[in-house]
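Listed below, chain by chain, are the residues.
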2 protein chains.
Amino acid sequence: MNIKISKRMSKPDFQGEFTAGILKAAADPTLISFAGGLPNPVSFPVHAMDDAADKVLKASGVQALQYSGTQGYLPLRKYIAERYKKMDIEVDPSEIIITNGSQQALDMFAAVMLDPGDKIIMEKPTYLVALQTFHLYDPVVLSVDLNDDGIDVEQLKAAVAQKPQFIYLIPNFQNPTGLTYTEEVRAKAAEVFKGSNVMVLEDNPYGELRFSGKEGHSFAWYLGEQCCLLGTFSKIVSPGMRIGWIVCKQKDIFEKLLNYKSTMDLHTNIFCQMVLTQYLSENDLDEHIEKTKVLYKQKAEYMMSCMAKYFPEGVSYTKPEGGMFIWATLPEGVKAVDVQAEAIKKGVAVCAGDPFYEDERGVRTMRLNYSNSSDEQMDKGIKLLSEAISEVMAK
Amino acid sequence: MNIKISKRMSKPDFQGEFTAGILKAAADPTLISFAGGLPNPVSFPVHAMDDAADKVLKASGVQALQYSGTQGYLPLRKYIAERYKKMDIEVDPSEIIITNGSQQALDMFAAVMLDPGDKIIMEKPTYLVALQTFHLYDPVVLSVDLNDDGIDVEQLKAAVAQKPQFIYLIPNFQNPTGLTYTEEVRAKAAEVFKGSNVMVLEDNPYGELRFSGKEGHSFAWYLGEQCCLLGTFSKIVSPGMRIGWIVCKQKDIFEKLLNYKSTMDLHTNIFCQMVLTQYLSENDLDEHIEKTKVLYKQKAEYMMSCMAKYFPEGVSYTKPEGGMFIWATLPEGVKAVDVQAEAIKKGVAVCAGDPFYEDERGVRTMRLNYSNSSDEQMDKGIKLLSEAISEVMAK
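First things first, this report covers the structure right here in the doc. Not measured: the values here are computed from a predicted model. Every chain begins its residue count from 1, and numbering advances along the sequence as written. Naming scheme: in the order in which they are written, chains are lettered from A and ligands are numbered from 1. Local features are withheld for residues below a pLDDT of 70 in this predicted model, meaning they are given only at 70 or higher, and side-chain atom pairs are given and counted only at 80 or more; totals for whole chains, interfaces and linings count all residues. To obtain the side-chain values, all non-hydrogen atoms of the structure were included, while hydrogens and water were left out.

A word on the environment of B:Cys306. All names here are of chain B. Numbering goes from the N terminus for both helices and strands, where a helix is a DSSP run of H or I of at least four residues and a strand is a run of E of at least two. Within the secondary structure layout, Cys306 lies in helix α12 (residues 285-310). Sequence separation of Cys306 and Pro45 is 261 residues, and the distance between their C-alpha atoms is 30 Å. The criterion used for residue contact is that any of the two residues' heavy atoms lie within 4.5 Å. Setting aside its immediate chain neighbours within four residues, Cys306 contacts Phe311, Met378, Asp379 and Ile382.

Our focus in this paragraph is the packing of aromatic side chains. Pairing of aromatic rings covers Phe, Tyr and Trp, the last counted by its six-membered ring, and requires centre-to-centre distances within 6.5 Å; plane angles under 30 degrees mean stacked, over 60 mean edge-to-face, and any other angle means tilted. Considering all chains together, one arrives at 25 aromatic pairs over all chains under this definition. With centroids separated by 6.1 Å and ring planes inclined at 80 degrees, the aromatic side chains of A:Tyr181 and A:Phe219 adopt a geometry described as edge-to-face. On the criterion of sequence distance, the pair formed by A:Tyr181 in the loop between β6 (166-169) and α8 (183-193) and A:Phe219 in helix α9 (residues 219-223) is long-range, its members being 38 residues apart. Residue burial is assigned from relative accessible area. The probe radius is 1.4 Å, only protein chains are included, and a residue is buried under 20% of its type maximum, exposed over 50%, and partly exposed in between. Overall, the relative accessible area of 3% leaves A:Tyr181 in the buried class. Seen in terms of ring centroids, A:Phe271 and B:Phe271 are 5.9 Å apart; in terms of plane orientation they differ by 15 degrees. Their pairing is stacked. In this pair, A:Phe271 sits in helix α11 (residues 270-282) while B:Phe271 sits in helix α11 (residues 270-282), so the two residues belong to two different chains. Just as A:Phe271 is buried, B:Phe271 falls in that class too. Put simply, the rings of A:Tyr181, A:Phe193, A:Phe219, A:Trp221 and A:Tyr222 pair up and form one aromatic cluster. Charge over a ring is defined by NZ of Lys or CZ of Arg lying within 6 Å of the ring centre and within 35 degrees of the ring normal. Above the face of the A:Tyr317 ring, A:Lys319 is positioned so that its terminal group lies 4.5 Å from the ring centre.

This part takes up helix α8 (residues 183-193) of chain B. Residue and element names in this part refer to chain B. Every buried residue of α8 is listed here: Val185, Arg186, Ala189, Ala190, Val192 and Phe193. Along the axis of α8, the buried residues cluster in a sector spanning 155 degrees; they form a single face. In this structure, α8 carries Glu184 and Glu191 as exposed residues pointing more than 90 degrees from its buried face. Where α8 is buried, its residues contact β5 (150-151), α7 (153-160), β6 (166-169), β7 (199-203) and α9 (219-223). What the arc describes is the spread of directions from the helix axis to the C-beta atoms.

What follows covers the sheet that holds strand β13 (residues 351-352) of chain B. All names here are of chain B. Taken together, 4 strands build an open sheet; the order of strands is β10-β11-β14-β13 and the sheet is antiparallel. Both edges of this open sheet fall to β10 (316-317) and β13, since each of them pairs with a single strand only. Sheet topology note: the strand β11 (residues 325-329)/strand β14 (residues 365-369) ladder contains 5 bridges and is antiparallel. Its bridge partner being in β14, Ala328 is matched across the sheet by Met366. Packing of α12 onto the sheet brings it into contact with β10, β11 and β14, and relative to β11 it is tilted by some 20 degrees. Being paired, for any two strands, means DSSP has found at least two bridges between them. Axis definition: a line fit to C-alpha positions, over the contact stretch in the case of helices; interaxial angles, taken between N-to-C directions, run 0 to 180 degrees.

The next point concerns helix α6 (residues 128-135) of chain A. α6(A) sits mainly inside the fold: 8 of its 8 residues count as buried. Within α6(A), the full set of buried residues consists of A:Leu128, A:Val129, A:Ala130, A:Leu131, A:Gln132, A:Thr133, A:Phe134 and A:His135.

Here we come to the interface of chain A and chain B. Facing the 76 residues of chain A at the interface are 77 residues of chain B. A simple way to read buried area is as the amount of 1.4 Å-probe accessible surface that goes missing from two parts once joined, with both sides added. Between chain A and chain B, a total of about 6400 Å² is buried, with carbon and sulfur atoms accounting for 61% of that surface. Interface area lost by chain A to chain B is led by A:Met1, A:Leu65 and A:Tyr67, which between them contribute 11%. Any pair of N or O atoms that falls within 3.5 Å is considered a polar contact. Within protein, one atom must be able to donate a hydrogen and the other to accept it, and sequence-neighbouring residues count only if both atoms are side-chain atoms. Summed over the shared surface of chain A and chain B, the result is 44 residue pairs in polar contact (both at pLDDT 80 or more). Only α1 (7-10), α3 (46-65), α5 (101-113), α6, α10 (251-265) and α11 of chain A provide two or more residues apiece to the side of chain A that touches chain B. With 11 residues, the single largest contributor to the side of chain A that touches chain B is α3(A). Of the residues contributing to the side of chain A that touches chain B, the split by class is 36 nonpolar, 25 polar and 15 charged. Only Asp, Glu, Lys and Arg are considered charged in this grouping, and only Ala, Val, Leu, Ile, Met, Phe, Trp, Tyr, Cys and Pro are considered nonpolar; every other residue, Gly among them, is considered polar.

Without other data, these values stay purely geometric and don't point to any function.
This is the structure in structure tokens:
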């Protein structure tokens, strides 16, 4: 039989081989993995969730098992809307769609906004699966450098002048760099967007995991309906339930997002939506997050102390104020893919920077995840990684 | 701000207004609704699911709340593979991907198989949300009549000669008609496919809900890897959990389906996958389905008895051997949309046939769902519907 696969899925997988490698490393118990982005399971509220599931099935079992509306469970949308008040943003539950993790919302937004050849702006580097998703829609990607204080505003001006459809950005503890925009950069970037037709898609999976420094304003605070917000419970409660959301105040886009979602899978599983809502109604999420932050702060500091102890001269790295990642930069001429290959031989998985860029390859940056390793693993893993770096440098 | 929506989502919504109307009617407690396709909640195993959720969270809570693999929970895939033995089909768990209801698998399959302008074959009429999904990929739809004994084989030959990418069909208790292919038609249609490059996408959401007649062979029995199978727990356990699957033995297509799914939403919620698997391991699904079948048989027969009693002369309807739908045909010159409009004024929601066709409008067919109404509602609803038909006929 002669099978023809669509052009869309025949293009060389957009760094699919990297993603596959990351997932494989994360699943391999013989490796010390700094490659993934898994929350620490210590942070999962297993007992409270058991209690919540029991209550939902006893009180509203039929509703939890029956078909439901596409937009998502109203009490959950109310909870999310209420929580935005902490960020000084007005969100109405009617402006929220519950999605299968915020990952699904990336596809929804791209499907509604992009025709082939349309331009989009991405941070450089950026979240690799966002790059993968958007590439399904054949856009022209304009990459704008991410500096230590946030997106490069001069480059941003030039990119916005090219009339892109939207920009995708992660202002807090960015994936992969761990960097956070300063308030000054946020204000300046917002000025660049104002008056343009560029929609801002702000992703914020790690925003609540701040363990030092001061929270900056969301672009929604600056821009109102010009900014759509992505959110998720994956990093603060549970990724396995696949519950994220998109906030969209722009009515034309909202209606299309909802139509598209209904065609994709009718609705997100209502059982998990109701169990999560029950859990949230009876537990203090901030208290729960506080524990996770204490844990991740210790993990980040411990990993940095290992880096200071073992890394050879000339390796620098970001100091995150929250989130799950540290971004290391190797000395000139040292390729991260070579270090990754050496490290894996020693039993340590890291993620070379390459897949986080639209078109740069052979870069000297790499992403290190600290949320999901024990101190012992970190000490051993960073020591072995340092040896791998030294060996590649010596070549 | 000047918003540009993608062409994909700017096309007149493929009958989106019908779907919206159906969902709205199903949610309106003041209406008697025969418009939807909801399972009867009496059939939901609420207590057993509560027990299963408790066991999963107590024994494997961390796994149920953490990220998981894209392909889906292996014990669930094993269960599904094992169950195909009853249908005399060999399926390996490695050939299955768990999806967010079988609805998501429709999009996955279309994304992997279709370039704009590619041809596909659909039954006429067919499942409206399949039409909606496939239309996102700009195919040329070849509609082939569905006769009382199944797809029209002569028309099918002509359509296959046009070298389409795939055919989508529902051989058992089809949505919307309730019709089932005879074994003779299955065998003849399979002969038409053999030797061609047409992939067969067989949807079978209602297949296990047979309350009379004899089960026919799946196209996978005739065609092996030329046939991909869609399945779902929505109609036999719970739609709210959104757990369906696709079986694909063709390795090139399988790999692309998996890549695409991982980009769409990483994986289907593992919490529900594990709870469902726990439920299935401790409860006899066949026994559970048996109860549902007894209920639906009674419902179908009761609805037909009401139709015999109240329908005016000249209205005919299919006699389903299972599933959830009856398909009624109005007398020549009577439009189903007019009957639908009259009926809703009287408090009864039905689904005019129009959205189930690629391009016919003003048809005289309509879909009636019997799974989710009480006998009282049926008697009253069919009586009022009959009055609506008579009024439209008299105009």
